[in-house]
Amino acid sequence: MSSKLYCFDFDGTITSKDSLLEFIKYTHGVVGFLCGFLLYSPLLILMKLHLYPNYRVKQKVFAHFYRGMSISEFNRKCKAFAQDKKNIIREAAKKQIKEAKKEQAQIFIISASIDNWVAPFFDEESDVTVLGTQIEVKDGLVTGRFLTKNCYGAEKVARLKTVLTKSRDQYEIIAFGDSRGDKEMLEYADKGYYKPFRR
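Here's a quick rundown of the structure.

**Some thoughts on the sheet that holds strand 1 (residues 3-8)**
- Ordered in space as 3-2-1-6-7, the five strands form an open sheet in which the pairing is parallel. Only two strands of the sheet have a single neighbouring strand rather than two, namely strand 3 (128-133) and strand 7 (191-194). The average undirected angle you get between the axes of adjacent strands in this sheet is 15°.
- Inspection of the sheet shows strand 1 paired to strand 2 (residues 106-114) by four bridges, in the parallel sense. Bridging from a neighbouring strand, leucine 5 pairs with glutamine 106 of strand 2.
- Sitting on the sheet, helix 6 (residues 91-102) is in contact with strand 1, strand 2, strand 3 and strand 6 (171-177), with an inclination near 160° to strand 1.

Listed below in structure tokens is the structure:
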């Protein structure tokens, strides 16, 4: 009998807003957010034109705002953000996760966002595992670099494979996504749903 496994993208699928942008606004205010993005606007334009890698822009922006912050302070902000911004979680996504739990399926949130702020949204869900982009910490400080590859595209499938304990044919995988970054995950699944929770 196959084990059922649900895989959810986070930003845009479970959430109604991009959590990176919302987190920066939450921690630095709208003015700080706009100033930071104005600084990196040339790279953002090149990224949109597919002339500069997405992950490099993301890392540069992340480093601009959080390099040198203590990891304890960063994690405190992440938990506060999840607590105060629960309204960005789509109700339809909540319902689907609840149904998956009733089926006693394994549930994974596979996201390009930093797992430090994604995971607290599911602190009360002990059977939900978050596989996100991980950040480097040295001497208790955030370095601004990523410890893992940006969890995007094919990397989502690669990260999922690291936690599977049985052969692929022993799983029934149901996946949910909303962007190009979810293409490989949706194709890897037995059933893939694109933009399933939009209302």
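That covers the picture; the talk isn't over yet.
**A look at the packing of helix 2 (residues 19-39) against helix 4 (residues 54-66)**
- Close contact between helix 2 and helix 4 brings their axes to 10 Å; oriented N to C, the two are set at 100°. What the angle tells us is that helix 2 and helix 4 run roughly perpendicular. On helix 4, the residues touching Leu20, Phe23, Ile24, Thr27, His28, Gly32, Phe33, Gly36, Phe37 and Leu39 of helix 2 are Lys58, Val61, His64, Phe65 and Tyr66.
- Looking at the contact of helix 2 with helix 4 residue by residue, the class counts come to nine nonpolar, five polar and one charged.

**Notes on the layout of surface pockets**
- What the largest pocket holds in volume is close to 900 Å³.
- Lining the largest pocket are 30 residues, and of these Asp18, Met47, Asn54, Asn150 and Tyr152 sit closest to its centre.
- Within the residue set of the lining of the largest pocket, elements represented by two or more residues are helix 1 (10-14), helix 2, helix 3 (41-48), helix 4 and strand 2.
- In terms of residue count, the dominant contributor to the lining of the largest pocket is helix 4 (five residues).
- Lining the second largest pocket are 15 residues, and of these Lys86, Phe121, Phe122, Glu124 and Glu125 lie nearest its centre.
- Mapped onto the lining of the second largest pocket, the elements with two or more residues apiece are helix 5 (71-84) and helix 6.
- A per-element tally of the lining of the second largest pocket places helix 6 first, with four residues.
- A per-class count over the lining of the second largest pocket returns six nonpolar, one polar and eight charged.

**Brief notes about the environment of tyrosine 66**
- Summarising the element assignment, tyrosine 66 is placed in helix 4.
- On the accessibility criterion, tyrosine 66 (0% relative accessible area) is buried.
- Each residue touching tyrosine 66, except ones within four places of it in the same chain, is listed here: Phe23, Ile24, Thr27, His28, Phe74 and Val142.

**Some details on helix 3**
- Within helix 3 the residues assigned to the buried category are Leu43, Leu44 and Met47. The arc that holds the buried residues of helix 3, viewed along the axis, is 100°, so those residues lie on one side. Away from its buried face, by an angle of more than 90 degrees, helix 3 presents the exposed residues Ile45 and Lys48.
- Where helix 3 is buried, its residues contact helix 2 and helix 4.

**Re the pairing of strand 5 (residues 141-146)**
- Bridge analysis of strand 4 (residues 135-138) against strand 5 gives three bridges, and the strand direction is antiparallel. From the neighbouring strand, lysine 138 faces strand 5, where its bridge partner is leucine 141.
- Counting the residues in the hairpin turn of strand 4 and strand 5 gives two residues, including aspartate 139, whose phi is positive at 55°.

Rules behind the numbers
- Along each chain, the written sequence defines residue order, and numbers are assigned to residues from 1.
- With pLDDT at 70 or above as the cut-off, local features in this predicted model cover only qualifying residues; side-chain atom pairs require 80 or more to be listed or tallied, and sums for whole chains, interfaces and linings still use all residues.
- Note that water and hydrogens are dropped before the side-chain values are worked out from all heavy atoms of the structure.
- Pairing between strands requires that DSSP locate at least two bridges from one strand to the other.
- Runs of H or I in DSSP of at least four residues are treated as helices and runs of E of at least two as strands, each being numbered from the N terminus.
- With axes taken as lines fitted to C-alpha atoms, and helix axes fitted only over the stretch in contact, angles between N-to-C directions fall between 0 and 180 degrees.
- Contacts are assigned to residue pairs that have any heavy atoms within 4.5 Å of one another.
- Each angle receives one of four descriptions, namely roughly parallel if under 35 degrees, roughly antiparallel if over 145, roughly perpendicular if within 65 to 115, and oblique otherwise.
- All amino acids are sorted into three groups, where Ala, Val, Leu, Ile, Met, Phe, Trp, Tyr, Cys and Pro are nonpolar, Asp, Glu, Lys and Arg are charged, and the leftover types, Gly among them, are polar.
- The way it works is a 1 Å grid over only the protein atoms, where trapped points that fit a 1.4 Å probe form a cavity and open points with protein on both sides within 12 Å along at least five of seven lines form a pocket, and then any residue with an atom within 4 Å of a point lines it.
- Grid points are joined across faces, edges and corners, and a volume is the space filled by probe spheres set on the points.
- Buried residues are those whose accessible area, probed at 1.4 Å on protein chains only, stays under 20% of the maximum for their type, while exposed residues exceed 50% and partly exposed ones sit between those limits.
- To be clear, the arc concerns the directions from the helix axis to the C-beta atoms.

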